[in-house]
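Working through the structure, step by step
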Amino acid sequence: MSSTGFRRTLAAIGVCSSLALVATACGSSDDESSGGKTRITVNCEPPKSAKVDRKFFEEDIASFEKRNQDIDVVAHDAFPCQDPKTFDAKLAGGQMEDVFYTYFTDARHVVDINQAADLTPYVKELKSYDTIQQQLRDIYTVDGKIYGVPRTGYSMGLIYNRKLFEKAGLDPDKPPATWEEVRAAAKKIAALGGGTVGYADYSAQNQGGWHFTAELYSQGGDVVDADGKKATVDTPEGHAVLQNLYDMRWTDDSMGSKQLLVINDVQQMMGSGKLGMYLSAPDNIPILVKEKGGNYKDLALAPMPGGKGTLIGGDGYMFNKKATPDQIRAGLKWLDHMFLTPGEGFLGDYARAKKNDGPVGLPEPRLFTGAADAKDQEVKKANANVPVENYQAFLDGNKSLQLKIEPPNAQQIYSVLDGVVSAVLTKKDANIDQLLGDASGKIDSILSRS
């Protein structure tokens, strides 16, 4: 799944939502030159409804073209930046932009179906490439060749309401570090009454499977084996995840009676002050404040309970296999300018974000290393306008966690695991052993076809 960030701090929204629009508005043009310039098409431009982000994006393209007068950038907006329902069709139909947005989990698939340009001969021209975290670069490296460039990342943690912790007699400066502590805290918060829920989780629209995966990683487990050939959910770790959810739901009654929740439901609960905890990435926090009625001072972030691992995700850009060498070089320059220069561009101009009431100082995973990272952190700290102390536990705890990306065939697997999580949360007589056994067989079948 994607994090909710369009920028690192705002909700993701983007362009063409049907194949009819794809064919006419989003395709990569065969004409690579315009008036003697190298012309590139790019996607993931904010839509007109996101006025501030749209303005920033257009300003940054204009400044890029001013500095590079031999390059013409044609941007396409999207809803979302990548729609899984049309993504493969655009690729197969030759309608993908020259420089196109992808989730981390797309990289190998796009390469496997021979739709990505090999960037290996050109990345030395990308000024920022060597400053990007190696583990993120590796995501877009397949069989020793480079096919994409990371843009942002996220890792899962535990968002909690400091005010409810205090009301329940819990120390908001010492968030739960284990799932046993999460259960105990959830029980005390739910006991406040008045419709207050201690802990909430997703269980529909593949989001339940996504969170099950994150919770499994936190226990030290995995969804598939190292070869990506067999399911590994029917394990003590998988059982522990479901047993904990079952106990909170049915024994403690700390998860509320309304289930089959998705991200918007849970955000509404947290924003209204009626929810103690849920799992999410840091970019949920500004959504909770700007759209759901929350307050920055009440919202804090802790690392994933369990202490063993956390799910990471993110996005980047790949290049159309039909892109010419000149288009690839132009696209790499554009990525440097827009996203990969600390303190500047669409993602890095923290002063501009602060001036326009954008939250600065959220604990996103660090994209850069060395001097580039130091510069990025320096500019961010100078412009911070959120209570950064509320996120220190998350930053400290993440240092000791194993960072793991989503499994192969993630969406198909999440659909299977959705049924497992929803059964546990809606059926008091749910048989965890049987649910995991059945899910394991279905996942094996998915993996055998890939």
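Residues numbered from 1 in each chain as written. Predicted model: local features only at pLDDT ≥ 70, side-chain atom pairs only at ≥ 80, totals over all residues. Heavy atoms only, no water.

At a closest axis distance of 8 Å, the pairing of helix H9 (residues 236-251) and helix H17 (residues 410-426) adopts a crossing angle of 30°. One element, H9, and the other, H17, form an angle in the roughly parallel class. Crossing of H9 over H17 shows right-handed handedness. Contact with H9, carried on its side by Leu-242, Leu-245, Tyr-246, Arg-249 and Trp-250, involves Val-420, Val-421, Val-424, Leu-425 and Thr-426 of H17 and no other residues of that element. In terms of residue class, the contact of H9 with H17 is built from eight nonpolar, one polar and one charged. (Axes fitted to C-alpha atoms, helices over the stretch in contact; angles between N-to-C directions. Helix = DSSP H or I, 4+ residues; strand = E, 2+ residues; numbered from the N terminus. Parallel < 35°, antiparallel > 145°, perpendicular 65-115°, else oblique. Left-handed = near helix turned anticlockwise from the far one by under 90°. Contact = heavy atoms within 4.5 Å. Nonpolar A, V, L, I, M, F, W, Y, C, P; charged D, E, K, R; others polar.)

Scanning the entire structure with this criterion turns up 21 salt bridges. A salt bridge links Arg-162 to Asp-173; its shortest N-O distance comes to 3.1 Å. With Arg-162 in helix H6 (residues 162-167) and Asp-173 in the loop between H6 and helix H7 (179-190), this residue pair connects regions lying 11 residues apart in the sequence. The class for Asp-173 is exposed, based on a relative accessible area of 57%. Lys-297 is the salt-bridge partner of Asp-298, the closest N and O atoms lying 3.3 Å from each other. Residue classification places Asp-298 among the buried residues on the basis of a relative accessible area of 14%. Judged by its relative accessible area of 51%, Lys-297 is exposed. The network of salt bridges with common partners includes Lys-55, Glu-59, Asp-60, Asp-349 and Arg-352. (Salt bridge = Lys/Arg side-chain N within 4 Å of Asp/Glu carboxyl O. Buried < 20%, exposed > 50% of the residue type's maximum accessible area, 1.4 Å probe, protein only.)

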